[in-house]
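Here's the letter readout for the chains.
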Amino acid sequence: MSAVEQQQAEPSPSSNSSSSFEVVEADTANKYEAVVPHWFYCKVIDSRERWIPFSRQDSEKLEEAHNSRKDDEQLVVPTEGGRYDVHLKKRLRCAMYWEEEVSEVRRCTWFYKGDKDNKYIPYSESFSEELEETYMIAITLDEWKKKLESPTREIIILHNPKLMVHYHPVTTSDDWGSTPTEQGRPRTVKRGVENISADIPCGEPLQIDHLVFVVHGIGPACDIRFRSIVQCVNDFRNVSLSMLQTHFKKAQEQQQIGRVEFLPVNWHSPLHSTGVDVDLERITLPSINRLRHFINDTILDVFFYNSSTYCQTIVDTVASEMNRLYRLFLQRNPDFKGGVSIAGHSLGSLILFDLLTNQKDSSEDQDGNKEGSQMGAYEQGDIGGVKEILKKLELSEYYSFFEKERMDTQALALCTEKDLKDMGIPLGPRTKILHYVRTKDETQDAQQQAHVPAGNDDESEDAPKPESGSSPHLGARSSSTNGGGKCQYLDVGLGQVSANYPQLIYKPDIFFAFGSPIGMFLTVRGVKRIDPTYSLPTCKGFFNIFHPFDPVAYRIEPMIIPDLEFEPMLLPHHKGRKRMHLELKEGLTRMGMDLKNNLLGSLRIAWQSFTRSPLLAVEAAATENEAETSLEKQTVNSDVKPEEPAASGKEDASPINVGMLNRGHRIDYVLQEKPIESFNEYLFALQGHLCYWESEDTVLLILKEIYQTQGITLDQPLQ
């Protein structure tokens, strides 16, 4: 403030107390305070540019770097949990783990309201400085009605601190040329982010306790709003942060936990960049164009995965992408000591399951307990694969035929005579190969039906080995195949497309499947039963989570215990208890069953009393006690029967041993449908398959199981 201004603000000695108070009030009102900047980035959503604020934590980091190292041309600030880097000098925001267009970054202080959606848009940094300077002069000198012209020739008028407006440029032509005027509908101008309705998150915990890779299903869109896997996983991550604050509050306050990081794995784009879309376009009919393109882009992914050529592309992409992301994550988070889990939705869960069943456990390799073939149809001496088999049959010259077709021992065991003929194998060698495979199968069947003890040195490689913890014997052939009608466990690889499954560079702790068709695919491949002793070689936890109306989801537990009927575990609601409509439904069912049992019990007693033969007086006295005892027993029996539903409910609640696929714990978990969904399950079937990304119950189960391995439990157990 200048000397003249200070002199004007100072009260004269002759002024009374009233005028002195007015001067002090005016001085307070005219006091200038610098605006607090906030950093935003621009993102295109629905073909519109949206300016989204960074979290308060990230904005403070950016502002601190901006003020302290202005001359650093290469200054990079990690934001949003390390998933994005901001190049401060270039004002660009770049994704680090996936491909995404770079976003413009802006240090924002002044905003104006947009035309269509009433969202506030920040002015450019240079024009914001000009506005701030004008505002400072106006509020200091109390001289308003200031008019400015923006670089786009828009008019901004500062009427007073509470009223500042922005006019579209409307040009008027005269003899001297065109000039902008403040005509048209005015738009509101705001100073400072605290004066606009912006939802600014606080930020994410810096500590990362666990890493989860998420693999999508068919098609490029993952939910009902046609969003990408990156957007859906962002929602999933946000829900997890919310669940941590509400259900792990004590652990957070004691700084025992940080957060769980979720990273998306995209395989659809690399698959469809191989040129297959161009080939499909040539043969696609022109009618119902949109439907055919939708099928080519989504449904055909299932057929691609069942093709040996494209299956190899898919599994290579998924495995290499997860390995790349893991290395990059460790590089960006060198202090990370947590575990890794994987999650898959729909077809993505099947891809992960096939990958996990073909992993090699390094501990078993060190002990010399290496598996023979994928099918378990060959003895340990045949571990060399197809090349050794052909060498044993003196047919090594035909190895190039099998190598060209990427044929392994699993595929060889599934080959028919027609397949070998199509490969160009002559009749003689073809017959010897088929005879060898058939003989090995029959030998294995005989050994398994003989129930060879586990300690026998001549034990077949396919006999279940509970102590190994990673037995390859998962399925069982039907009785028509084995001849004896007895259950025989085969490898999970039965019926898999012939592919060279890559190895992951880490061992996942838990595998989560959302809306998974794994059970259906195993059944179609010929797996009838899952050996209770089987577990995934490198992953000991497995949860199959599904919505009750999901048309793609199938159960796993009935394949392990086919002789016992039991319901899947009901996932508790994240707010506790069951949903009200489910409790009401169960209550009505229980009440109806109780009424039925009581009525039947009463009728039974009345009928027995009616049909009892008359007794003589002497016999009646002698048998009076017996009759009373009999009646008491009947009454007790009738009283017990209404309690049968409760007893069956207790049996359902009691622990059920479902094998070692999930360390002996339950595998199938069903979500509770919403009240509106219960009115028509067909109407909400598609939504049921795509609901997992925003499901608090699903996220809470994942967090509970992950932190349970670290000895951390929920604040309050859910009922």
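Keep in mind the model is a prediction, meaning the values are calculated, not measured.

Caption draft 1: Expanded view of the overall build of the chain. From N to C terminus, the chain includes 27 helices and 23 strands. Of all 719 residues assigned to the chain, the portion counted as buried reaches 44%. Long-range contacts, defined as pairs at least 24 residues apart, comprise 70% of the intrachain contacts of the chain with a sequence gap of at least 6. Surface accessibility of the chain: about 39,300 Å² in total, with carbon and sulfur atoms responsible for 53%.

Caption draft 2: Region of the structure containing the pattern of salt bridges. Scanning the model with the defined rule gives 27 salt bridges in all. Residue Arg93 is joined to Glu100 by a salt bridge in which the shortest nitrogen-to-oxygen separation is 3.8 Å. Look at Arg93 and you get buried, because its relative accessible area is 1%. With a shortest N-O distance of 3.8 Å, Glu154 and Arg187 are connected by a salt bridge. Taken together, the residues span a long stretch of sequence, with Glu154 in the loop between strand S9 (146-149) and strand S10 (155-160) and Arg187 in strand S14 (residues 187-191) at a distance of 33 residues. Residues joined by salt bridges that share partners form a network here, namely Arg83, Glu204, Arg237, Arg259 and Glu261.

Caption draft 3: Fine view of the confidence of the model for the chain. Residues at a pLDDT of 70 or more form 73% of the chain, whose mean pLDDT is 78. In the model, residues 1-28 has pLDDT below 50 throughout and makes 8 contacts with residues more than four positions away in sequence or in other chains. Low pLDDT (under 50) marks residues 365-384, which in the prediction has 44 contacts with non-local residues, meaning those over four places away or in another chain.

Caption draft 4: Region of interest: the packing of helix H5 (residues 229-247) against helix H27 (residues 696-708). Axis separation between H5 and H27 bottoms out at 9 Å; the angle between their running directions is 65°. As judged from the angle between their axes, H5 and H27 are roughly perpendicular. Once H5 is placed against H27, the crossing between them reads as right-handed. Facing H5, whose interface residues are Phe236, Val239, Ser240, Met243, Leu244 and His247, H27 presents Glu696, Thr698, Val699, Leu700, Ile702, Leu703 and Tyr707. Its residues assigned to classes, the contact of H5 with H27 comprises 9 nonpolar, 3 polar and 1 charged.

Caption draft 5: Structural detail: the sheet that holds strand S6 (residues 103-108). Pairing is antiparallel across the open sheet formed by 6 strands, whose spatial order is S2-S1-S6-S5-S4-S3. Whereas interior strands pair on both sides, the edge strands pair on one side only; in this sheet they are strand S2 (48-53) and strand S3 (76-79). Averaged over all pairs of adjacent strands, the angle between their axes in this sheet comes to 30°, without regard to strand direction. Relative to S6, strand S5 (residues 92-95) is paired through 2 bridges, and the arrangement is antiparallel. Looking across to S6, one finds that Arg93 is bridged to Ser103.

Caption draft 6: Fine view of the side chain of Asn544. Mapped onto the secondary structure, Asn544 falls in strand S21 (residues 541-546). According to the relative accessible area criterion, Asn544 is buried, its value standing at 1%. A distance of 3.0 Å separates the side chain of Asn544 from the side chain of Asp668, its partner in a polar contact. Look past the residues within four positions of Asn544 in its chain and what remains in contact with it is Ala513, Ser516, Tyr554, Arg555, Ile556, Ile667, Asp668 and Tyr669.

Caption draft 7: Region of the structure containing the nonpolar core. The biggest cluster of nonpolar side chains holds 102 residues, and the ones touching the most others in it are Phe213, Met322 and Phe511. Those residues in contact with Phe511 that lie beyond four places of it in its chain are Ile342, Gly344, Ser349, Leu352, Phe353, Leu356, Ile518, Leu536, Cys539, Gly541, Phe542 and Phe543. Among the nonpolar cores identified, the runner-up in size contains 18 residues, and Leu393, Tyr398, Leu412 and Leu420 belong to it.

Caption draft 8: Region of interest: the packing of aromatic side chains. Per the stated rule, a full pass over the model turns up 22 aromatic pairs. Between Tyr84 and Trp98, the ring centres sit 5.8 Å apart and the planes meet at 85°, which makes this aromatic pair edge-to-face. Residue Tyr84 is found in strand S4 (residues 84-87), and its partner Trp98 is found in the loop between S5 and S6; the two are separated by 14 residues along the sequence. Note on Tyr84: relative accessible area 2%, which makes it buried. Among the residues examined, Trp98 registers a relative accessible area of 11% and is labelled buried. By the ring-pair criterion, three or more aromatic residues cluster together here, those being Phe236, Phe262, Phe514, Tyr692 and Trp693. Sitting over the face of the ring of Tyr84, Arg93 holds its NZ or CZ atom 3.6 Å from the ring centroid. Here the basic side chain of Arg555 rests over the ring of Phe566, its NZ or CZ set 5.4 Å away from the ring centre.

Caption draft 9: The arrangement of a nonpolar patch on the surface in detail. Taken together, the side chains of Phe226, Ile288, Leu291, Phe294, Ile295, Ile299 and Phe303 define a hydrophobic patch exposed on the protein surface, amounting to about 720 Å² of accessible area. With 3 residues, helix H9 (residues 289-297) is the single largest residue contributor to the nonpolar patch.

Caption draft 10: Representation of the sheet that holds S10 within the structure. If you trace the 6 strands from one edge of the open sheet to the other, you get S8-S7-S14-S11-S10-S9, paired in antiparallel fashion. Looking at the sheet topology across the chains shown, the edges are occupied by strand S8 (120-122) and S9. Taking the axes of each pair of neighbouring strands and ignoring which way they run, one obtains an average angle of 30° across the sheet. Direction of pairing for S9 relative to S10: antiparallel, over a ladder of 4 bridges. When the sheet's bridge partners are listed, Lys147 is paired in S10 with Ile157. Its contacts with the sheet place helix H4 (residues 125-141) against strand S7 (110-113), S9, S10, strand S11 (163-167) and S14, and it is angled at close to 170° to S9.

Caption draft 11: Region of the structure containing the packing of helix H11 (residues 308-332) against helix H12 (residues 347-357). At their nearest, the axes of H11 and H12 sit 10 Å apart, and the two run at 80° to each other. Between H11 and H12, the interaxial angle falls into the category roughly perpendicular. From H11, Ile314, Val315, Val318, Ala319 and Met322 reach across to H12, where they touch Ile351, Leu352 and Leu355. Partitioning the contact of H11 with H12 into residue classes produces 8 nonpolar, no polar and no charged.

Caption draft 12: Seen up close, the pairing of strand S17 (residues 339-345). With 6 of 7 residues buried, S17 lies mostly within the body of the structure. Examined bridge by bridge, strand S15 (residues 208-215) and S17 share 6 bridges and lie parallel to one another. Opposite Val214, over in S17, you have Ala343 as the bridge partner. Of the strand pairs in this sheet, S17 and strand S20 (residues 510-514) are connected by 4 bridges, and their pairing is parallel. Looking at the pairing, Ala343 lines up with Phe512 of S20.

Caption draft 13: Up close: the environment of Asp408. In this structure, Asp408 sits in the loop between helix H15 (399-404) and helix H16 (409-414). We classify Asp408 as partly exposed; its relative accessible area is 21%. Each C-alpha atom of the pair Asp408 and Lys387 lies 9.0 Å from the other, and the pair is 21 residues apart in sequence.

Caption draft 14: Representation of the pairing of S20. The element S20 is largely enclosed, with a buried count of 5 among its 5 residues. Burial of S20 is two-sided: the residues Ile510, Phe512 and Phe514 facing one way and the residues Phe511 and Ala513 facing the other way are all buried. Examined bridge by bridge, S20 and S21 share 5 bridges and lie parallel to one another. Bridging across to S21, Ala513 finds its partner in Asn544. Handedness of the crossover joining S20 and S21 through helix H20 (residues 518-525) is recorded here as right-handed.

Calculation notes
Residues numbered from 1 in each chain as written. Predicted model: local features only at pLDDT ≥ 70, side-chain atom pairs only at ≥ 80, totals over all residues. Heavy atoms only, no water. Helix = DSSP H or I, 4+ residues; strand = E, 2+ residues; numbered from the N terminus. Buried < 20%, exposed > 50% of the residue type's maximum accessible area, 1.4 Å probe, protein only. Contact = heavy atoms within 4.5 Å. Areas by Shrake-Rupley, 256 points an atom, 1.4 Å probe, with all protein chains shown as cover. Salt bridge = Lys/Arg side-chain N within 4 Å of Asp/Glu carboxyl O. pLDDT = per-residue confidence, 0-100. Axes fitted to C-alpha atoms, helices over the stretch in contact; angles between N-to-C directions. Parallel < 35°, antiparallel > 145°, perpendicular 65-115°, else oblique. Left-handed = near helix turned anticlockwise from the far one by under 90°. Nonpolar A, V, L, I, M, F, W, Y, C, P; charged D, E, K, R; others polar. Pairing = 2+ DSSP bridges. Polar contact = N/O pair within 3.5 Å; in protein donor to acceptor, adjacent residues only side chain to side chain. Core = buried A, V, L, I, M, F, W, Y, C linked by side-chain atoms within 4.5 Å. Phe/Tyr/Trp six-rings, centres within 6.5 Å; stacked < 30°, edge-to-face > 60°. Lys NZ or Arg CZ within 6 Å of the ring centre and 35° of its normal. Patch = residues over 30% accessible without salt bridge, like charges linked within 9 Å, V, L, I, M, F, W, Y side chains within 5 Å. Right-handed = clockwise from strand over helix to strand, strands pointing away.

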